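# Secondary and tertiary structure notes
Next come the chains, spelled out residue by residue.
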Amino acid sequence: MTHLWVRAEQRPNEDRVGILPEGVAALVAAGIRVTVEESRSRVVGIDGYAAAGAEIAPEGSWPESPREALIFGLKELPEDGTPLVHRHIMFGHAYKGQPAGRVLLERFAAGGGTLFDLEYLVDEEGRRVAAFGYWAGYAGAAVSLFALAAQQRGGVCGPVSAWTNATEMEADLLAALDAAKAPRPSALVIGALGRVGTGASDLCKRMGVAVTQWDMAETASGGPFPEVLAHELFFNCILARPGTPVFVAPDAPGATRKLSVIGDIACDPTSDFSPVKVYDRATDWAAPVVRVHDAPPLDVMAIDNLPSLLPLESSKDFAGQLLPHLATLDALGAGVWGRAEKMFRTHMTEVTT
């Protein structure tokens, strides 16, 4: 029997979950055994999972789970160096040259486990089947606008925390923008046709921000792109990969510009392929931006778990997309799971040869 073990997230400020109680009920009805760990932070309470037929396990107990269990989480595991013997479903961030990614693959090599990276669950045409992108874009644009409002008042964006829902977040943002007493800015979104770019564009429009929407056609020349510097806000909403043009060059902070805030929603600063070359580390909820230039100010927002600022809405969206594929876990060698494993095996050659 296929056994799905839903682990508690172990990163701070991570309240999301990849399956809801109704999804558990559907998997159990289909003959899949489901275990759900208790969690102090998960946005959905444990009682609903128990009522749906899940077995309940203590928080953080997945290392002692049966070897054949599939361990399902969202964000990365603690970087403790232990060998990974299980099959894991999660966002690994391991295939684009990230230093921590190589360490993760080495742990799989040491333990004999397998990574089914959620970022690489794709259909026959290579399109992702489940993503948090829309809410990443929505929340990332909101935090970037909070940063601009703080700039306009002579400060730097302060800490953020999860909102109960998008309506509450929008009300707080409107108040901050109005308090800044400045005209609404203009924004350039690159990757505007994707999930992330759509979310960022929608949030901007709701705030009265004029949006220029670019996608592959507008960036086909390979740059440079002076239009980025001509907008107060720039949102990078594309997946970094080989051949991605540079949108913000290293010398951009000292250039003549209107650009005041970069929302690097794709947030992959340690990748060799990152198109935003003015910063080198992710930001977080306690310090949402890094200031890369003072006069005039230029801030970069690069929080890497943006959807968790709206954990319930983003969990519902993602879980609904993923559930049909979780229902096929008894056929791991085929479909999206087979393609994900092939990607893993390809990249494992980097650490085993």
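That block above? That's the structure.
Everything in this summary refers to the structure shown in the same document. (Residues numbered from 1 in each chain as written. Predicted model: local features only at pLDDT ≥ 70, side-chain atom pairs only at ≥ 80, totals over all residues. Heavy atoms only, no water.)

## Here we look at the pairing of strand E5 (residues 87-90)
Summarising the sheet, strand E4 (residues 70-72) and E5 pair through three bridges and their orientation is parallel. Bridged to Ile-71 within E5 is His-88. Handedness of the crossover joining E5 and strand E6 (residues 114-117) through helix H3 (residues 99-111): right-handed. (Pairing = 2+ DSSP bridges. Helix = DSSP H or I, 4+ residues; strand = E, 2+ residues; numbered from the N terminus. Right-handed = clockwise from strand over helix to strand, strands pointing away.)

## Quick notes on the nonpolar core
The nonpolar side chains of a soluble globular protein tend to be buried with one another. Core analysis: the biggest nonpolar cluster contains 42 residues, and Leu-145, Leu-203, Phe-235, Ile-265 and Leu-306 have the highest contact counts within it. Going through the elements one at a time, helix H4 (133-152), helix H5 (166-180), strand E7 (186-190), helix H6 (195-206) and strand E9 (233-236) are the ones with two or more residues in this core. Tallying contributions element by element places H4 first for this core, with twelve residues. If we ignore the near neighbours within four places in the chain, the residues touching Leu-203 are Tyr-138, Ala-141, Ala-142, Leu-145, Met-169 and Leu-173. Judged by nonpolar contacts, the second largest core, of 34 residues, contains Leu-74, Leu-118, Phe-132 and Val-336. (Core = buried A, V, L, I, M, F, W, Y, C linked by side-chain atoms within 4.5 Å. Buried < 20%, exposed > 50% of the residue type's maximum accessible area, 1.4 Å probe, protein only. Contact = heavy atoms within 4.5 Å.)

## Looking at the sheet that holds E4
Reading across the sheet, the six strands line up as E3-E2-E1-E4-E5-E6 and stay open at both edges, with parallel pairing between neighbours. Strands with a single pairing partner mark the edges of an open sheet, and in this sheet they are strand E3 (55-57) and E6. Mean inter-strand twist for the sheet, computed between neighbouring axes without regard to direction, equals 25 degrees. Along the sheet face, helix H10 (residues 335-352) touches E5 and E6 and points at about 120 degrees away from the line of E6. (Axes fitted to C-alpha atoms, helices over the stretch in contact; angles between N-to-C directions.)

## Here's the deal with helix H1 (residues 21-29)
Every buried residue of H1 is accounted for by Pro-21, Gly-23, Val-24 and Leu-27. Down the axis, H1 shows its buried residues gathered within 155 degrees of arc, on one side only. Turned more than 90 degrees away from the buried face of H1, the exposed residues are Glu-22 and Ala-29. As for H1, its buried residues are in contact with strand E1 (3-6), strand E2 (33-37), helix H2 (46-51) and helix H9 (311-326). Positioned one or two residues after H1, Gly-31 has a phi angle of 95 degrees, which is positive. (Arc of directions from axis to C-beta.)

## Side note on the packing of aromatic side chains
The relation between two aromatic rings is expressed through the spacing of the ring centres and the mutual angle of the planes. One pass over the full model with this rule turns up 13 aromatic pairs. Both rings, one in Tyr-95 and one in Tyr-120, keep their centres 5.1 Å apart while their planes meet at 50 degrees; by these two values the pair is tilted. With Tyr-95 in the loop between E5 and H3 and Tyr-120 in the loop between E6 and H4, this residue pair connects regions lying 25 residues apart in the sequence. For the pair Tyr-95 and Tyr-120, one class covers both residues: buried. Between Phe-234 and Phe-247, the ring centres sit 6.2 Å apart and the planes meet at 75 degrees, which makes this aromatic pair edge-to-face. Linking Phe-234 in strand E9 with Phe-247 in the loop between E9 and strand E10 (261-264), this pair joins segments that are 13 residues apart in sequence. The class of Phe-234 is buried, set by a relative accessible area of 0%. Counting every residue linked through ring pairs, the aromatic cluster contains Trp-214, Phe-225, Phe-234 and Phe-247. The side chain of Arg-42 reaches across the aromatic face of Tyr-49, ending 5.7 Å from its centre. (Phe/Tyr/Trp six-rings, centres within 6.5 Å; stacked < 30°, edge-to-face > 60°. Lys NZ or Arg CZ within 6 Å of the ring centre and 35° of its normal.)

## Description of unusual backbone geometry
Geometrically, the link from Gly-223 to Pro-224 is a cis peptide bond, its omega value of 5 degrees lying close to zero. Topologically, Pro-224 is positioned in the loop between helix H7 (216-219) and helix H8 (226-229). Here the bond from Ala-295 into Pro-296 is cis, since omega is -5 degrees, no more than 30 degrees from zero. Position of Pro-296 relative to the elements: it lies in the loop between strand E11 (289-293) and strand E12 (298-301).

## Let's talk about the side chain of Ser-315
Assignment of secondary structure puts Ser-315 in helix H9. Since its relative accessible area comes to 0%, Ser-315 is described here as buried. A polar contact is formed between the side chain of Ser-315 and the backbone oxygen of Pro-311, at a distance of 2.7 Å. When residues no more than four places from it in sequence are discounted, the contact partners of Ser-315 are Arg-16, Val-17, Val-43 and Phe-132. (Polar contact = N/O pair within 3.5 Å; in protein donor to acceptor, adjacent residues only side chain to side chain.)

## Details of the sheet that holds E9
Taken in spatial order, the six strands of this open sheet run E8-E7-E9-E10-E12-E11, and their pairing is mixed. Either end of the sheet is taken by a strand with one partner, and the two such strands are strand E8 (210-214) and E11. The sheet shows a mean angle of 20 degrees between the axes of neighbouring strands, taken without regard to direction. Relative to E12, E10 runs parallel, the two being bridged by three bridges. Across the sheet, residue Val-261 finds its bridge partner in E12, namely Asp-299. Lying on the sheet, H4 is in contact with E9, E10, E11 and E12; it crosses E9 at an angle near 155 degrees. Against the sheet, H6 touches E7, E8 and E9, its axis set at about 165 degrees to E8.

## Notes on the pattern of salt bridges
What the rule picks out here adds up to 18 salt bridges. Among the salt bridges present, the one from Arg-11 reaches Asp-304, with a minimum N-O distance of 3.0 Å. Within this pair, whereas Arg-11 is found in the loop between E1 and H1, its partner Asp-304 is found in the loop between E12 and H9, the two being separated by 293 residues in sequence. Relative accessible area serves as the criterion here: at 25%, Arg-11 is assigned to the partly exposed category. Here Glu-125 makes a salt bridge to Arg-127, at a shortest N to O gap of 3.3 Å. A relative accessible area of 51% places Arg-127 in the exposed class. Shared partners join several salt bridges into a network, and the residues in it are Arg-11, Glu-76 and Asp-304. (Salt bridge = Lys/Arg side-chain N within 4 Å of Asp/Glu carboxyl O.)

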